[in-house]
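# Structural overview for review
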Amino acid sequence: MKFSLTTMIVFAAVIAGVATTNNPLHQPCNTPGSVGCGQASDINSGSAFIYECSMTGEYVFSAGCECASCCVTTSSGGAMCISQKA
């Protein structure tokens, strides 16, 4: 089977798109098992969320929080959603 340069470029662009989709923070996921807080306008309606770095190096959405600043990381390496105070 013979592939043209155009076919290989399109394939590479599709693969890059998949990697971006699995990476909500648009940053490398280099510490499998780590957990953190994120916030992006196109995820969880712009509110904060908890993510985990999977063993395959992909970000995984774990939980959505109520507001943009309602996620905190803990000193033990975890993350949790907190309620917005009035």
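The notes below deal with the structure included here. The shown structure was predicted, so the numbers you read here are calculated from the model rather than taken from an experiment.

The next subject is the state of the cysteines. Considering all chains together, one arrives at 4 disulfides under this definition. The residue that forms a disulfide with Cys-29 is Cys-53, at a sulfur-sulfur distance of 1.8 Å. Linking Cys-29 in the loop between α1 (5–21) and β1 (35–38) with Cys-53 in strand β2 (residues 49–53), this pair joins segments that are 24 residues apart in sequence. In this structure, Cys-29 and Cys-53 share a single accessibility class: buried. Through a disulfide, Cys-65 is tied to Cys-81; the S-S separation comes to 1.9 Å.

Let us look at the pairing of strand β3 (residues 59–64). In this sheet, β3 lies alongside β2 in antiparallel orientation, the contact comprising 5 bridges. Bridge assignment links Ile-50 to a residue of β3, and that residue is Ala-63. Counted along the chain from β2 to the antiparallel partner β3, the turn is 5 residues long, and its residue Gly-57 has a positive phi close to 80°.

We now examine the packing of aromatic side chains. Throughout the structure, instances matching the rule amount to 3 aromatic pairs. Arranged with centres 4.9 Å apart and planes meeting at 80°, the rings of Tyr-51 and Tyr-59 form a pair that is edge-to-face. Clustering of aromatic rings is evident, with ring pairs tying together Phe-49, Tyr-51, Tyr-59 and Phe-61.

About the thresholds
Residues numbered from 1 in each chain as written. Predicted model: local features only at pLDDT ≥ 70, side-chain atom pairs only at ≥ 80, totals over all residues. Heavy atoms only, no water. Disulfide = S-S within 2.5 Å. Helix = DSSP H or I, 4+ residues; strand = E, 2+ residues; numbered from the N terminus. Buried < 20%, exposed > 50% of the residue type's maximum accessible area, 1.4 Å probe, protein only. Pairing = 2+ DSSP bridges. Phe/Tyr/Trp six-rings, centres within 6.5 Å; stacked < 30°, edge-to-face > 60°.

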